[in-house]
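Spelled out from the first residue to the last, the chains are:
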Amino acid sequence: MSDDTCTALIDGFEQKLQPGERLIDAFIRVGIAVPHVCYLKTLGPLETCDTCLVEVNGKLVRACSTHAQAGDVIITGSPHARQAREEGMDRILAKHELYCSVCENNTGDCQLHNTFADMDIAIQRYRFTRKPHKKDESNAFYTYDPDQCILCGRCVEACQNVEVNETLSIDYSNPHPRVLWDGGKPIGESSCVSCGHCVTVCPCNALLERTLQPDAGPFTAIEADTKRTMIDFVKALEDTTGTPPITAISKIDVALRQKEIKRTKTVCTYCGVGCSFEMWTRGRQILKVQPMEEAPVNGISTCIKGKFAWDFVNAKERLTTPLIRENGTFREASWAEALELVATRLKHIHATYGPKSIGFIGSSKASNEEAYLTQKIARLIFRTNSVDNSSRYCQNPATQGLFRTVGYGGDAGSITDIASASLVILVGSNTAECHPVIASRIKAAHKLRGQKLIVVDPRKHEMAARADIHLKVKSSTDLVWACATARYIFDHGLEDKEFLNTQVNGIEEFRQSLEPFTLEFAEQVTGLSQAQLAEAAEMIAHAPSVCLLWAMGITQHSHGSDTSTSLSNLLLVTGNYGRPGTGGYPMRGHNNVQGASDFGCLKNVYPGYEKVTDQEARARWAKAWGVPAEHLSDEVGLDNFSMVEKAHKGEVKAMMVIGEETAISDADTQNVIDAFKKLEFFVVLDMFVSRTAEFADVILPACASVEKDGSFVNTERRIQRFYKAMEPLGQSRPDWAILTDLAKQLGHDWGYTHPSQIMAECAGVAKMFAGVSYERLEGWKSLQWPVKEDGTDTPLLYTDGFKFPDKKAKLHPVQWNPPQEDADGSYDIVLDNGRLLEHFQSTNQTGRGPRVHNETPNWFVEISPELAAERGIEDGTWLRITSRRAHVDVRATVTDRVSGKTMYLPIHHSKPGVNMLTGEHHDTEVNTPAYKELAVRIEKLPMSKGEPPLPYRNHRYGKRTPNLGPEAEQKWARAEYQEPPATIEHPETL
């Protein structure tokens, strides 16, 4: 609480309150029990339930929407207030049938049950009235039961103003109101993206996870007719005994269930947003994922994957024992045999061919501690810097652009900065599908707080459709519009002169480099009109604060590093670094792709980005590891791309791949497979026999993140702990334990028994992590690097200068170079490619259960209406897509999300996969494959269309119904509504 407080009299006692604080928040803070059902701090006051009524200065008011004032006299327990609250609860129960002991949601988390029990109401005055609506079971992940819905509107508020998917509404004009999806569609045929926000905030069992149904409690899985008989019997008994005895039984039921349920804080295993939540388990059964307000990144927000896509943890395909290839097939082996074989073969190859003959690919899905051990084994034991991770496939160009201009290879600030910016620019980022929780923050700021949004993308995805300005740029030309915008700003005197003069170097040289980038030139190259370019430049220049986000639409090009540099340059020109609501934000794809790089899985740096060529850093790491400095190589190693290239040439003899699907994720798939086949020895650590693992000599079974402890770093440089929710399946082990045991086999007994020891070792050497410890990351706490020794972290970078010796940023001149592959007369179509909301990468996780898989069960290619009309293509038409390297056959989806001769192919349906088509051309600075530079031709195949490849029930066909939330005023306007404690005739309709 701040020093700026006021005093109010509550129930006869003076209490210190924050001026403007909501009364309900004050009551919770000081420990005064006042009922409330519709209120959730994250959602704000909805005023729909009337259970929080109290007297303030003699007037009955709702505590959720009334703000504290100095001198208020507040009475919470007056007969008038209690009577009004009980009337509010009675009205709720007219819409909701209490049968708690046989209800799946009676796990201690049902706010309606808990509030009713706390109020100790003797009898239900209004009889429950069934509604003329059936339970909606059309969604794979949750159900909606109108008979249990109390019309509190929490779900509507969450959908409309937190997630901002804008699917849900309540029609109060209906004689029997209920929550509606797209105005009345079944959930499974609506625009619902199954983010789970509505389920998370529902205070009862109206919206309920399918994983809780039917066996969440001892009496919940009984046959429906039997359950109905039991409910009717109990309700008849209540008429004679009153509710307290029945409520007492339900409390016992809650206590019995809670003894069986384990609640574990974890961090999502999917994208780089870094959502955290509680996972509720009973043994190996995952009952539900419950986001918490305390979560530093997402609060109560989730997406379909974080909330529901955990079936893979118990998938029958999970590896549970080591496998050794013998006579062309795999056989099971003991851990002792497998580790001995790995150690023996790697030592032999190292001794025979030297350090350059072995390469290590760390996992962007494993923990920081596991990334640290991967590079430690490579550098200390095998004396090679040939270690890398999947950031090579996506984000290294962005990191390079930041290193060149501002010094740190990470996001400038936090997600809160993005949400608070005056203007957000999304470039080559399908944010709503790739980073949906961040997209929700942007959508909410845009809808509710007037934030402006510019989207630069060839494709009209959701964020482009919502944008104030959508620049439908020609693929691979983003550097040109960025440089032209910078020149326009200089030419019109709109640059931030004070910022440039005091905090930036290289201004004149940079200005001269912009000479070719006129609006005329940009129009010619990018396909954007000069008017569009000027409009966007004016908006950028005049915005008080700008956050610029970019992703693989920028980085996966042959000059992605230069384009990333140009975006950071633009931010410097406009003074948009070092202030709240500003900065560059490359969106990280995997859950720990940032951490894998931070903790040393890169060919040229130790943990904390200390260069292997820096003799002081080399000496420090050598001392920490107990070896002479000359034992550690000072030669930059091989990256993913180079390892595969050298393996193909026979120079790399052995590789270890940890949790990466290199055989699918790397470009030019056939070339990668051929390289793997040429290795003398190949080791893979994974949860499944992945496509990559199929070529291994030894597969070591790793476990899921929820089966171990560790930490991840998200896209905003935030380090968070995750905790073990269940034991590893079978004989699978955490990667850190596997690597520790392997090191022991190799003669290095490190003795780690917990990841905290590994983090402590790293923090003791890497300056960037000096103050990081598991104690400081306990529970929901987190730290954003760099972290000083005293634990002070850095949510916003560059507030005291940039990471260069003189603390000044650098404007880095770049030149325009056309893509290395483009459409021509023979290959006349550009094939864009990327992610879908409901899947992740090669579907090794999201594809292991039918629920997520069935959202988009088929591979498809998006084709524009104009191209479809020209070529006679319809939904479902089979197309052969041929590149300069190979072809794939896939069915068409005709959509205006793409235009002209640009198509879009999702990357997830990976056999054969998009990388059969992509080539070896790559970023000239950091070797990231130029996946997005892909020219193809198409031909129709004489095959039956069948069902549309993207089912018409898919959310992309839904029609959203935007509104401002539940709007209780609509309910109050109905003729039958009266303020409590007055009784009403038909409470079930309100």
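Everything here concerns the structure above.
1. Re the overall build of the protein chain
Logical step 1: Counting secondary structure elements, the protein chain contains 32 helices and 37 strands.
Logical step 2: Over its C-alpha trace the protein chain gives a radius of gyration of 30 Å, about what one expects of a compact globule, namely 30 Å for 990 residues.
Logical step 3: Projecting the C-alpha coordinates of the protein chain onto the three principal axes gives extents of approximately 85 × 70 × 70 Å.
Logical step 4: By the burial criterion, 65% of the 990 residues in the protein chain qualify as buried.
Logical step 5: Sequence separation of at least 24 residues holds for 74% of the intrachain contacts in the protein chain that already meet a minimum separation of 6.

2. Observations concerning the side chain of N576
Logical step 1: Along the chain, the position of N576 falls in the loop between α22 (560–573) and β22 (583–586).
Logical step 2: Discounting residues that sit within four places of it in the chain, N576 has contacts with P544, S545, V546, L571, T582 and G583.

3. Some thoughts on helix α11 (residues 396–405)
Logical step 1: With 8 of 10 residues buried, α11 lies mostly within the body of the structure.
Logical step 2: Those residues of α11 that sit buried are N396, P397, A398, T399, G401, L402, R404 and T405.
Logical step 3: Each element contacted by the buried residues of α11 is listed here: β21 (546–550), α21 (552–555), α22, β22 and β31 (809–810).
Logical step 4: Two residues or fewer after α11 comes G407, characterised by a positive phi angle close to 110°.

4. Observations regarding unusual backbone geometry
Logical step 1: The omega angle of the peptide bond from W785 to P786 is 0°, so this bond is cis rather than trans.
Logical step 2: In this structure, P981 follows P980 across a cis peptide bond, with omega equal to 15°.
Logical step 3: With respect to the secondary-structure elements, P981 resides in the segment after α32 (968–972).
Logical step 4: Of note, the phi angle at D11 is positive, near 50°, even though the residue is not glycine.
Logical step 5: Considering the arrangement of structural elements, one finds D11 in the loop between β1 (6–10) and β2 (13–17).
Logical step 6: Using a relative accessible area of 31% as the deciding quantity, one classes D11 as partly exposed.
Logical step 7: The backbone of D182 sits at a positive phi, close to 50°, despite the residue not being glycine.

5. Observations concerning the sheet that holds β1
Logical step 1: One open sheet accounts for 5 strands, arranged β2-β1-β5-β3-β4; its pairing is mixed. Each end of this open sheet is capped by a strand with a single partner; those strands are β2 and β4 (59–62). Averaged over all adjacent pairs, the angle separating strand axes in this sheet is 40°, with direction ignored.
Logical step 2: In this structure, β1 lies alongside β2, joined through 5 bridges in antiparallel fashion. Of the residues in β2, the one forming a bridge with A8 is Q15.
Logical step 3: Packing against the sheet, helix α1 (residues 23–30) makes contact with β1, β2, β3 (53–56) and β5 (73–75), and its axis sits at approximately 110° to β2.
Logical step 4: Packed on one face of the sheet, helix α2 (residues 79–93) meets β3 and β4 and runs near 155° to β3.

6. Overview of the pairing of strand β26 (residues 681–686)
Logical step 1: In terms of residue burial, β26 counts as a mostly covered element, since 6 of its 6 residues are buried.
Logical step 2: Where burial is concerned, the two faces of β26 agree: the one with F681, V683 and L685 and the one with F682, V684 and D686 are both buried.
Logical step 3: Two strands pair when backbone bridges link them, and strand β25 (residues 654–658) and β26 are joined in this way by 5 bridges, in the parallel orientation. Pairing of M656 across the sheet is with V683, part of β26.
Logical step 4: Where β26 and strand β27 (residues 698–701) come together, 4 bridges link them in parallel fashion. Looking at β27, one finds that D686 is bridged to P701.

7. Some details on the sheet that holds strand β19 (residues 469–471)
Logical step 1: Spatially, 5 strands are ordered β19-β18-β17-β21-β22 in an open sheet, and the strand pairing comes out parallel. Each edge of the open sheet is held by one strand with a lone partner, namely β19 and β22. Neighbour to neighbour, the strand axes of the sheet diverge by 15° on average, direction disregarded.
Logical step 2: Where β21 and β22 come together, 4 bridges link them in parallel fashion. Counted as the bridge partner of L548 is G584 from β22.
Logical step 3: Docked against the sheet, α22 engages β17 (423–427), β21 and β22, running at close to 175° with respect to β21.

8. Some thoughts on a nonpolar patch on the surface
Logical step 1: A cluster of nonpolar residues, L9, V73 and I75, forms a patch on the protein surface that exposes about 200 Å² of accessible area.
Logical step 2: Here I75 is to be found in strand β5.
Logical step 3: On the basis of relative accessibility, which here comes to 35%, the residue I75 falls in the partly exposed class.

9. A short note on the nonpolar core
Logical step 1: Ranked by size, the top nonpolar core spans 210 residues in total, and within it Y142, W481, L549, Y577, M656 and F769 carry the most contacts.
Logical step 2: Top element by residues in this core is helix α16 (residues 478–491). It accounts for 10 residues.
Logical step 3: Filtering out sequence-adjacent residues up to four positions away, Y577 remains in contact with L402, V406, A412, F499, S568, L571, L572, T582, G583, G584, Y798 and F802.
Logical step 4: Core analysis: the second largest hydrophobic core is formed by 22 residues, L319, L323, A675 and I699 among them.

10. Observations regarding the pairing of strand β34 (residues 878–882)
Logical step 1: Where β34 and strand β35 (residues 887–894) come together, 5 bridges link them in antiparallel fashion. The residue of β35 that forms the bridge with W878 is R891.
Logical step 2: Connecting the antiparallel pair β34 and β35 is a turn made up of 4 residues.
Logical step 3: The pairing of β34 with strand β37 (residues 935–940) spans 4 bridges and is antiparallel.

11. A short note on helix α10 (residues 368–381)
It helps to recall that an α-helix has 3.6 residues per turn; residues three or four apart then point in one direction.
Logical step 1: The terminal C-alpha atoms of α10, which comprises 14 residues, lie 19 Å apart, in line with the 20 Å expected from a rise of 1.5 Å per residue.
Logical step 2: Counted residue by residue, α10 has 14 buried out of 14 residues, so it is predominantly covered.
Logical step 3: Following α10 by one or two positions, R383 adopts a phi angle in the positive range, close to 60°.

12. Thoughts on the packing of aromatic side chains
Logical step 1: On inspection of all chains with the given rule, the structure shows 29 aromatic pairs.
Logical step 2: Ring centres of Y372 and W625 lie 6.4 Å apart, and the angle between their planes is 70°; on these two criteria the pair is classed as edge-to-face. Separated by 253 residues along the polypeptide, Y372 in helix α10 and W625 in helix α24 (residues 615–625) bring together distant segments of the chain.
Logical step 3: Residue classification places Y372 among the buried positions, given a relative accessible area of 1%.
Logical step 4: Between F517 and F521, the ring centres sit 6.0 Å apart and the planes meet at 70°, which makes this aromatic pair edge-to-face.

13. Comments concerning the environment of S429
Logical step 1: Tracing the backbone shows S429 in the loop between β17 and α13 (431–434).
Logical step 2: S429 gets classed as buried once you look at its relative accessible area, which sits at 2%.
Logical step 3: Sequence-wise, S429 and I554 are 125 residues apart; in three dimensions their C-alpha atoms are separated by 8.1 Å.
Logical step 4: Polar side-chain contacts of S429 include one of 2.8 Å to the side chain of T431.

14. Thoughts on the environment of S440
Logical step 1: Turning to its location among the elements, S440 is positioned in helix α14 (residues 436–448).
Logical step 2: Considered as a pair, S440 and L567 are 127 residues apart in the sequence and their alpha carbons are 23 Å apart.
Logical step 3: Aside from chain neighbours lying at most four places away, what touches S440 is V162, E163 and V164.

15. Let's talk about the packing of α10 against helix α29 (residues 755–763)
Logical step 1: Contact pair α10 / α29: the axes reach a minimum separation of 9 Å and the direction vectors enclose 65°. Classified by chirality, the crossing of α29 by α10 is left-handed. Where α10 abuts α29, its residues N368, E369, Y372, L373 and K376 lie against P755, I758, M759, E761 and C762.
Logical step 2: Residues belonging to the contact of α10 with α29 are distributed by class as follows: 6 nonpolar, 1 polar and 3 charged.

Conventions used here
- Residues numbered from 1 in each chain as written.
- Predicted model: local features only at pLDDT ≥ 70, side-chain atom pairs only at ≥ 80, totals over all residues.
- Heavy atoms only, no water.
- Helix = DSSP H or I, 4+ residues; strand = E, 2+ residues; numbered from the N terminus.
- Rg over C-alpha atoms; globule rule 2.2 N^0.38 Å.
- Buried < 20%, exposed > 50% of the residue type's maximum accessible area, 1.4 Å probe, protein only.
- Contact = heavy atoms within 4.5 Å.
- Pairing = 2+ DSSP bridges.
- Axes fitted to C-alpha atoms, helices over the stretch in contact; angles between N-to-C directions.
- Patch = residues over 30% accessible without salt bridge, like charges linked within 9 Å, V, L, I, M, F, W, Y side chains within 5 Å.
- Areas by Shrake-Rupley, 256 points an atom, 1.4 Å probe, with all protein chains shown as cover.
- Salt bridge = Lys/Arg side-chain N within 4 Å of Asp/Glu carboxyl O.
- Core = buried A, V, L, I, M, F, W, Y, C linked by side-chain atoms within 4.5 Å.
- Expected span 1.5 Å × (residues − 1).
- Phe/Tyr/Trp six-rings, centres within 6.5 Å; stacked < 30°, edge-to-face > 60°.
- Polar contact = N/O pair within 3.5 Å; in protein donor to acceptor, adjacent residues only side chain to side chain.
- Left-handed = near helix turned anticlockwise from the far one by under 90°.
- Nonpolar A, V, L, I, M, F, W, Y, C, P; charged D, E, K, R; others polar.

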